[in-house]
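A structural walkthrough
The lines below spell out each chain.
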Amino acid sequence: MADRYLSFTGTAPGRFLTRRLGLPQPAQLVRWSAERPRLEGGLLHLAAGKPDPNLAPVLARTGLRTGTGAEDSPVAVVLDATGVRDVESLGEVHAALHPVVRSVAASGRVVVLGAPLDPADHHQAAAQQALEGFTRSLGKEIGRGRTVNLVRLADGEAAESTLRFLLSPRSAYVSGQVIEVGAGAFAVPDDWERPLAGRTALVTGAARGIGAAVAETLTRDGARVVVLDVPAAEADARALAERLGGSALALDITAADAGARIADALPEGLDILVHNAGITRDRRLVNMPAERWSSVLDVNLGSVLRTTDALLERGVMKTGGRIVATASIAGIAGNAGQTNYGAGKAGIVGLVRGLAPRAAGEYGVTVNAVAPGFVETKMTAAIPLVIREAGRRMNSLAQGGVPGDVAEVTAWLVQGGSGAVNGQVVRVCGQSLLGA
Ligand SMILES: NC(=O)c1ccc[n+]([C@@H]2O[C@H](COP(=O)([O-])OP(=O)(O)OC[C@H]3O[C@@H](n4cnc5c(N)ncnc54)[C@H](O)[C@@H]3O)[C@@H](O)[C@H]2O)c1
């Protein structure tokens, strides 16, 4: 659905009027396109505390201009704060960013790099945790479509896919996030432009909305995609699959034999499983019949657990495989009228946290979640106008996301190079003020 307010504030009279009235000032975000696949401008690499010498070569490979001249109007600033161990060295965070933050280009990026919290040193843990509050606060004040994220990393090489993602137009609607990159096995792709070449992906609920965008983006990145949706949406699923050179599978994901039917359709196995299908049946708890409760929990959580178990246990998911499930900010912050939906989506967060370490150890598979905020789809077009407008603006970027924003996050998580990103719940919400 068109965001007319965003179009209006992009005009000179719109800017003038909204500024005078103190209204939100959303910026036109720079998103990935074939014509503009990279951010254009310099990358400023700064440090607070002792710098990590292994980061410079990784940053140099992002394709952004580094070194002399990058400081003129950087489109990205990376602050290496991995060496921050105490309150004194936190002062260096201020000293590094205070002079440059104003000069970061519109739709630019600030990425803060932190270290895992040291259980043997509570001063280091305090200083590193401080980076989280710093990142989230700067994200709320920086404006002009610029984003601020924190990556906690143990090893720069393992974080390359994450840094490439955050320092690109693909992460336009991701801000205020804390992403942990652990020590899991990862595979550097032959071609960073087509990192999913040779891989098979299945996306549930992919006939329309976010799922269709995920199918398109995974295809762009080289995957062969199976478009799964309910039999009633089969014509749309087939049309999309044909356009993408993939295949369609008409199946209600809540069917008792859904896992077996997916396994039958994929005799060669599966590399990437994206649980995207989801429904809402909103009512306040006092007015909610049991059927509304159980149908939402079954589609949004029960079927995700059942099919995940079936595909792991039958060996359908290949070693090096990737599972991405779809949570929601409603599962993190809660939402009036959505006790069923909020419960199901919070359950996804629990599933990811509980299964991720075990799936990596037993199957060599990572398990992560995307948690969309307000995304412009048929689901959100059905929300009453005033609530819809509030949902759209109540985030640091003052606008809704588009389905492609969630698709880009998914495409990063499922890369071979993202093997050290496991058990993460990444919000795609423009730093929603709800549950932030
Ligand atoms: N749009 C948003 O703002 C938003 C925000 C947070 C989370 N989400 C989540 O993102 C996912 C996609 O949302 P969307 O906005 O694209 O929704 P949508 O309603 O546009 O699309 C959902 C798709 O899932 C399919 N589906 C529903 N039940 C199914 C079943 N039992 N088996 C197979 N397919 C089924 C539908 O037919 C539809 O094609 C959902 O999990 C949703 O909860 C969306």
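The structure presented is a predicted model; accordingly, all values stated were derived computationally and were not measured. (Residues numbered from 1 in each chain as written. Predicted model: local features only at pLDDT ≥ 70, side-chain atom pairs only at ≥ 80, totals over all residues.)

A few words on the overall build of the chain. When helices and strands are tallied, the chain shows 15 helices and 12 strands. Over its C-alpha atoms the chain spans a radius of gyration of 21 Å, differing by no more than 12% from the 22 Å that the globule rule assigns to 436 residues. Across the 436 residues of the chain, 50% fall into the buried class. (Helix = DSSP H or I, 4+ residues; strand = E, 2+ residues; numbered from the N terminus. Rg over C-alpha atoms; globule rule 2.2 N^0.38 Å. Buried ≥ 20, exposed ≤ 12 C-beta atoms within 10 Å, placed from the backbone.)

Here we take up helix α8 (residues 234–244). Among the residues of α8, those classed as buried are A237, L240, A241 and L244. Down the axis of α8, the sector holding all buried residues measures 100°, keeping them to one side. α8 presents A235, E242 and R243 as exposed residues on the side facing more than 90 degrees away from its buried surface. Along its buried surface, α8 packs onto α7 (209–220), β7 (224–229) and β8 (247–250). (Arc of directions from axis to C-beta. Contact = placed C-beta atoms within 7 Å.)

Our focus in this paragraph is the site of the ligand. Near the ligand, the surroundings consist of 27 residues, among which G205, G209, G278, T377 and M379 are the closest. If you list the elements that add at least two residues to the shell around the ligand, you get α7 and α13 (378–381). Tallied by class, the residues present in the shell around the ligand amount to 12 nonpolar, 11 polar and four charged. (Near = placed C-beta within 6 Å. Nonpolar A, V, L, I, M, F, W, Y, C, P; charged D, E, K, R; others polar.)

Our focus in this paragraph is the sheet that holds strand β3 (residues 109–114). An order of β1-β2-β3-β4-β5 is seen for the five strands of this open sheet, with the pairing classed as parallel. Edge positions in the open sheet fall to β1 (42–49) and β5 (178–181), since each of these has one partner strand only. Looking at each pair of strands side by side, their axes are set apart by 20° on average, direction ignored. Bridge count between strand β2 (residues 74–83) and β3: five bridges; the pairing is parallel. When the bridges of β3 are listed, D80 appears paired with L113. Helix α4 (residues 87–97) rests against β1 and β2 of the sheet, and its axis sits at about 155° to β1. In the packing of helix α5 (residues 122–142) onto the sheet, the strands contacted are β2, β3, β4 (147–153) and β5, and the crossing angle to β4 comes to about 165°. (Pairing = 2+ DSSP bridges. Axes fitted to C-alpha atoms, helices over the stretch in contact; angles between N-to-C directions.)

This paragraph deals with the domain arrangement of the chain. Its domain assignment divides the chain into domain 1 (1–28), domain 2 (31–181) and domain 3 (200–428). Averaged C-alpha coordinates put domain 1 and domain 3 at centres separated by 32 Å. The interface is formed by six residues belonging to domain 1 together with eight residues belonging to domain 3. When the residues that make up the side of domain 1 that touches domain 3 are grouped by side-chain class, the tally is four nonpolar, one polar and one charged. (Domains from an automatic or database assignment.)

Take the pairing of β1 next. With seven of eight residues buried, β1 is to be regarded as a mostly interior element. Judged from the seven bridges that link them, β1 and β2 form a sheet pairing that is parallel. The residue of β2 that forms the bridge with G49 is G83.

Take the nonpolar core next. Buried together is how nonpolar side chains tend to be arranged in soluble globular proteins. One finds L79, V203, A206, V214, A215 and V227 to be the most contacted residues of the largest nonpolar core, which totals 120 residues. Ranked by residue count, the leading element in this core is helix α12 (residues 339–363), at eight residues. A domain-level breakdown of this core finds at least three residues from each of domain 2 (31–181) and domain 3 (200–428). Those residues in contact with A215, other than ones at most four positions away along the chain, are V203, A206, V225, V227, L240 and L244. (Core = buried A, V, L, I, M, F, W, Y, C linked by C-beta atoms within 7 Å.)

Peptide bonds are, in most cases, trans, and in most cases residues other than glycine have a negative phi. At R144, a residue that is not glycine, the phi angle is positive and equals roughly 55°. As for its placement among the helices and strands, R144 is situated in the loop between α5 and β4. One non-glycine residue with positive phi stands out, namely Q431, at about 60°. Within the fold, Q431 resides in the segment after β12 (425–428). Looking at Q431, the number of C-beta atoms within 10 Å reads 23, which means it is buried.

For a regular strand, side-chain orientation follows a simple rule: the groups alternate between the two sheet faces. The element strand β9 (residues 270–275) is extensively covered by neighbouring structure, given that six of its six residues are classed as buried. Inspection of the sheet shows strand β6 (residues 200–204) paired to β9 by three bridges, in the parallel sense. Bridging across to β9, A201 finds its partner in I272. In this sheet, strand β10 (residues 317–326) lies alongside β9 in parallel orientation, the contact comprising five bridges. Residue pairing across strands places V274 opposite V324, the latter belonging to β10.

Pairing is parallel across the open sheet formed by seven strands, whose spatial order is β8-β7-β6-β9-β10-β11-β12. The open sheet has two free edges, formed respectively by β8 and β12, since each of these has just one partner strand. Strand-to-strand, the axes of this sheet are offset by a mean angle of 20°, without reference to chain direction. Sheet strands in contact with α7 are β6, β7, β9 and β11 (366–372), and its direction is about 170° off that of β6. Lying on the sheet, helix α15 (residues 403–413) is in contact with β9, β10, β11 and β12; it crosses β11 at an angle near 165°.

Residue placement: Y5 occurs in helix α1 (residues 4–9). Residues Y5 and E389 lie 384 residues apart in sequence; the distance between their C-alpha atoms is 9.5 Å.

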